[in-house]
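Close look at the chain arrangement
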Amino acid sequence: MSDKIKNKTVTMTSPITVLAGVGEKRAELFANLGVFTVSDLLRYFPRAYQNRGDIKTLCEAALSGETSSMILTVGCEPKSVTVKRGMNLTKFTAFDESGKCQITFFNQPYVKQLFHEGEIYRFYGKVMRSKNLWTMASPDFEPTVIARSLPDFYAVYSLTAGLSQKIIRNTVSLALASVVIDDEPIPEYIRRENSLISFAEAVNIIHNPQNLKRLDDARRYFVFEELFAFALKITKDAKEREGIPGIPLNISDADKRDFVKALPFTLTEAQARVIREIYADMSSGRAMSRLVSGDVGSGKTVCAAASLYLAAKTGHQGALMAPTEILAVQHFHDLSELFKNLEVKCTLLVGSMKRSDKIKALSEIASGESDIVIGTHALLSENVKFADLVLAVTDEQHRFGVNQRDALASKGKNMHVLVMSATPIPRTLAMSMYGDLDHSAVDMLPPGRQKVSTFLVDEGYRERLNGFVYKQALEGHQVYIVCPSIEGSAYDIRDDETDTSGLVDFFGNKIEISSSRLKNAVEYAEKLSAKFPDINVGCLHGKLPASEKEAVMADFVSGKINVLVSTTVIEVGVNVPNATLMVIENAERFGLSQLHQLRGRVGRGKDKSWCILVGDNIGEHSKKRLDSFCATTDGYRIAEADLAIRGPGDFLSSSGRDLRQHGALEFRMADLCDDMDLLYRAFDAARHELEKEK
């Protein structure tokens, strides 16, 4: 092996250029995949596996229409011919007990020397029917040898231009054969207690599994490794928080009654419970650090208002930070209206304010004249000085990140912190993802909230759907149309040369990938504008400058835009009571929780509202999932179902929660639904490990 290795000592920290075949140019291609060192390469896990151990006859493979494995005998000596434009074709027949097949290789003349009549090979390809003949084009192949069993599974990696599956497989194999693996991220006693194999075993198996049992052993190791690292971070954060004192804040029962009387509605039991939890935190002498999550329209904002009122009535200041100016202005208007008769002054601070208004706002904040400050990231500026800030509230927590949350909290000392999430978070997931925060769930909707009728349709309803959109706009209502793509022709397929029809995941389950064309917002908006020139169609997507996005959304909020065609950047929390119709294209592309968030943009006024899901050529599993969504509006039930179906990685990404913002790992292997037992074990191990460090 030494002749294939540029440096005889290959370690996990070695650059991949130490491996034969990886020069500077190829290293740049690997860099596009985030692979720089041998460790990066070995941790570049397969995204799926070809199940070549599932052998079919030619007839079975042809009927399935999928990429399959077959044991075939070469029926004749190969022949090569050169056709138009210099293309070389090498052809021969192969057969089994169910029939024979013509195999053709394109521009691979060397294969003529490999195959000989009577030899037996395992072929992996797709059998097609052409002119009463079964055919196969350029299949993968391996000779069968009695003394050597062929592996059942072949790793399939995500690619970048210039790197093929073969190149990555060969490079990984060379690294595995030459590297000295002395890493072991999990202490030996923890591995022993949890029946885990070693890192060296796991990394070899994950790239070259011989069977599903061994693949599960490897997956279990890496799942635990992820969860253990995550649990260490969360447990450390929680322990550090326990010792932080906070200013105890108490107000009279009369002041509490005044707040409730000022509300234009009656608190739900859930809102009242969460407010009691907040007041208990803020009066305890310990710094509050609490997450408030709730369903769309559940009334989380009034819980934040109660905490801000407590800070103001005890002679201190509170700040509320929203992710966009539109949402900040909306909060300012709502809170100013609520507090106008309670002797609490609110101040707005956003980036687009006139210079004179900013100077006035900064003065009110610094002098203490302002009790409650509502703003955007502008609150984090160095020139924003608070007189006596004791409470930091962040709305739509997922749009910020822990660093920004902490930056606002640093404006005071031993601050009380409240974060709000518009995603109904299953309790088990909240315990794990937000382990450094106490969790309150506003799990009840106010009475009288409009039910949004939800339907799933296909392309056959397109004209009727367009007519319904037009009718809603003519009647003075507004419409959201959400597309998964921004512009150009996009398809829901993997962008590499690997045929996806024969792939399985880490559990051996078949991977289903749609080939349907994705609707894009730019093209959709243009077509709708041309079709209905008498209504105003707007377009909103992530590539627009921030100021332009704000302007488009402001025009929709004000009613200047009748139909807003958008990607998922439409603001969570922005209130448009006049919006009565939500159309979601390629609905199968979205998680249930994300669909629920989008549906929550309508049904906020007095008029009847609808949500139409459009999905064409979707599989049975997707249809069942979307039908279940149409049948319920309970956000917590939907979130539990979403978590069970897709696992936490997709759930969190579509809900906006990014583990990297939290300073923890992004889960690549763990699935908290299937791996909850390992999660608990990881937290136990983390606690034991931290106890040892004392």
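Heads up: the structure comes first, above all this text.
Okay, so let's go over this structure. The shown structure was predicted, so the numbers you read here are calculated from the model rather than taken from an experiment.

**Side note on the overall build of the chain**
Secondary structure assignment for the chain yields 22 helices and 28 strands. Taking all contacts inside the chain whose residues are at least 6 apart in sequence as the whole, residues at least 24 apart take part in 74%. Working note: accessible area of the chain is about 31500 Å², and carbon and sulfur atoms make up 51% of it.

**Concerning the sheet that holds strand 23 (residues 503-504)**
Read across the open sheet, the 3 strands follow the order 11-2-23; overall the sheet is antiparallel. Strands with a single pairing partner mark the edges of an open sheet, and in this sheet they are strand 11 (153-156) and strand 23. The sheet contacts of helix 4 (residues 165-178) involve strand 2 (48-51) and strand 11, and relative to strand 11 the element is tilted by about 110°.

**Structural notes on the sheet that holds strand 13 (residues 289-294)**
Here 7 strands make up an open sheet; going across it, the order is 15-16-14-17-18-13-19 and the pairing parallel. Each of the sheet's edge strands pairs with one partner strand only, and the pair in question is strand 15 (346-349) and strand 19 (438-442). Taking the axes of each pair of neighbouring strands and ignoring which way they run, one obtains an average angle of 20° across the sheet. Two strands pair when backbone bridges link them, and strand 15 and strand 16 (residues 372-375) are joined in this way by 4 bridges, in the parallel orientation. Across the sheet, the residue bridging to C346 is I372, located in strand 16. Across the sheet, helix 10 (residues 300-313) touches strand 13, strand 14 (317-321), strand 16, strand 17 (389-394), strand 18 (416-421) and strand 19, and the angle it forms with strand 17 is around 170°. Of the strands in this sheet, strand 14, strand 15 and strand 16 are in contact with helix 11 (residues 325-339), which crosses strand 15 at around 170°.

**Side note on helix 16 (residues 521-531)**
Restricting attention to buried positions, one finds in helix 16 the residues A521, Y524, A525 and L528. The buried residues of helix 16 occupy one face: seen down the axis, they fall within an arc of 95°. Exposed positions of helix 16 whose direction lies more than 90 degrees from the buried face are E526, K527 and A530.

**What to know about the nonpolar core**
Counting 91 residues, the largest nonpolar core has F259, F339 and Y480 as its most contacted members. At 10 residues, the largest contribution of residues to this core is made by helix 10. Not counting residues up to four positions away in its chain, the partners in contact with F259 are V302, A305, A306, Y309, L338, F339 and L342. Formed by 63 residues, the second largest nonpolar core is a distinct cluster that contains Y44, Y189, F222 and F506.

**Describing the packing of helix 6 (residues 199-207) against helix 7 (residues 212-242)**
Close contact between helix 6 and helix 7 brings their axes to 8 Å; oriented N to C, the two are set at 125°. Viewed along their axes, helix 6 and helix 7 adopt a mutual orientation that is oblique. When the axes of helix 6 and helix 7 are compared, the crossing they make is left-handed. Touching F199, E201, A202, V203, I205 and I206 of helix 6 are R214, L215, A218, R219, Y221 and F222, all from helix 7. Of the residues belonging to the contact of helix 6 with helix 7, the class tally is 9 nonpolar, no polar and 3 charged.

**Remarks on the packing of aromatic side chains**
For the structure shown, the criterion picks out 23 aromatic pairs. On the numbers, 4.4 Å between centres and 15° between planes, the contact of Y470 with F532 is stacked. You can see Y470 sitting in helix 15 (residues 462-474) and its partner F532 sitting in the loop between helix 16 and strand 25 (537-540), a full 62 residues away along the chain. In this structure an aromatic cluster arises from ring pairing among F92, F105, F115, Y121, F123 and F141. Stacked on the ring of Y154, the Lys or Arg R52 has its end atom at 3.9 Å from the ring centre. The ring of F629 has R599 lying over it, and the distance from NZ or CZ to the ring centre is 3.9 Å.

What counts, and at which threshold
All residue numbers refer to position in the chain's written sequence, counted from 1. The predicted nature of this model means local features are confined to residues of pLDDT at least 70 and side-chain atom pairs, given and counted, to a pLDDT of 80 or more, with totals for whole chains, interfaces and linings taken over all residues. Calculated side-chain values reflect all of the structure's heavy atoms, with hydrogen atoms and water omitted. Starting at the N terminus, helices and strands are each numbered in turn, a helix being any DSSP run of H or I of at least four residues and a strand any DSSP run of E of at least two. By definition, residues are in contact when any of their heavy atoms lie within 4.5 Å. Where accessible areas are quoted, they stem from the Shrake-Rupley method and a 1.4 Å probe; at the residue level, only the protein chains shown are allowed to cover. Strands are labelled as partners when DSSP assigns at least two bridges between them. Whenever a helix is involved, its axis is fitted only over the stretch in contact; in every case the axis is a line through C-alpha atoms, and angles between N-to-C directions fall within 0 to 180 degrees. Classification of residues uses two cut-offs on accessible area relative to the type maximum, computed with a 1.4 Å probe and protein chains only: under 20% is buried, over 50% is exposed, and between them is partly exposed. Note that the arc is defined by the directions from the helix axis to the C-beta atoms. Residues grouped as a nonpolar core are buried Ala, Val, Leu, Ile, Met, Phe, Trp, Tyr and Cys residues, joined through side-chain atoms within 4.5 Å. Should an angle fall under 35 degrees it is taken as roughly parallel, and over 145 as roughly antiparallel, whereas 65 to 115 is taken as roughly perpendicular and any remaining angle as oblique. By definition, any crossing whose near helix is turned counterclockwise from its far helix by less than a right angle is left-handed, and any crossing with a clockwise turn is right-handed. In this classification, the charged set is Asp, Glu, Lys and Arg, the nonpolar set is Ala, Val, Leu, Ile, Met, Phe, Trp, Tyr, Cys and Pro, and all remaining amino acids, among them Gly, are polar. In this analysis, rings of Phe, Tyr and Trp, with Trp reduced to its six-membered ring, are considered paired at centre separations within 6.5 Å, and the interplanar angle assigns stacked below 30 degrees, edge-to-face beyond 60, and tilted for intermediate values. For a Lys NZ or an Arg CZ to count as sitting over a ring, it must be within 6 Å of the ring centre and within 35 degrees of the ring normal.

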